[in-house]
Amino acid sequence: QVQLVESGGGLVQPGDSLRLSCAASGFRLENYVIGWFRQAPGKEREGVSYISRARNTFYREAVKGRFTMSRDTAKNTVYLQMNNLKPEDTAVYYCAASSRSTVVSWFRSDVYGYWGQGTQVTVSS
């Protein structure tokens, strides 16, 4: 059974850090492109970052320099380290896996076929 499970969300203050985890079962993460998405109340889901099969990482402009994505092959887990969190980072964060090789944009949610259930991140003073 293919499954993605996110964890690590929580309530933090501006400037704090969190590390989200995305654990996979039923398939090997290194064979997929893995993306992190987020959805704030009343807003559309947006791509935050993704990691290629070759471990190259890419970020949306708003999180560059603050978020870092990584992959632990031994644990079959992907992480999103989020530093200097801001209130506008508040959202439900999802990880997703794509088996595709060529897409228009890896920041589009429709190129991903597997999704986790999401983890809430709230940044508030």
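Each remark here, short or long, concerns the structure printed above.
Caption draft 1: Region of interest: the packing of aromatic side chains. Inspection of the entire model under this criterion finds 11 aromatic pairs. With centroids separated by 5.0 Å and ring planes inclined at 55 degrees, the aromatic side chains of Phe37 and Trp115 adopt a geometry described as tilted. Residue Phe37 is located in strand 4 (residues 33-39), and its partner Trp115 is located in strand 10 (residues 114-115); the two are separated by 78 residues in the primary sequence. On the basis of relative accessible area, Trp115 is assigned to the partly exposed category, the value being 27%. Where Tyr50 meets Phe58, the ring centres are 4.7 Å apart and the plane angle is 20 degrees; that geometry is what we call stacked. On the basis of relative accessible area, Tyr50 is assigned to the buried category, the value being 11%.

Caption draft 2: How the structure looks around the sheet that holds strand 1 (residues 3-7). Pairing is antiparallel across the open sheet formed by four strands, whose spatial order is 1-3-8-7. Each edge of the sheet is formed by a strand with only one pairing partner; in this case those strands are strand 1 and strand 7 (67-72). Between one strand axis and the next, the sheet turns by 15 degrees as a mean value, whatever way the strands run. The pairing of strand 1 with strand 3 (residues 18-25) spans five bridges and is antiparallel. Paired with Val5 across the two strands is Ala23, which belongs to strand 3.

Conventions adopted
- Residues numbered from 1 in each chain as written.
- Predicted model: local features only at pLDDT ≥ 70, side-chain atom pairs only at ≥ 80, totals over all residues.
- Heavy atoms only, no water.
- Phe/Tyr/Trp six-rings, centres within 6.5 Å; stacked < 30°, edge-to-face > 60°.
- Helix = DSSP H or I, 4+ residues; strand = E, 2+ residues; numbered from the N terminus.
- Buried < 20%, exposed > 50% of the residue type's maximum accessible area, 1.4 Å probe, protein only.
- Pairing = 2+ DSSP bridges.
- Axes fitted to C-alpha atoms, helices over the stretch in contact; angles between N-to-C directions.

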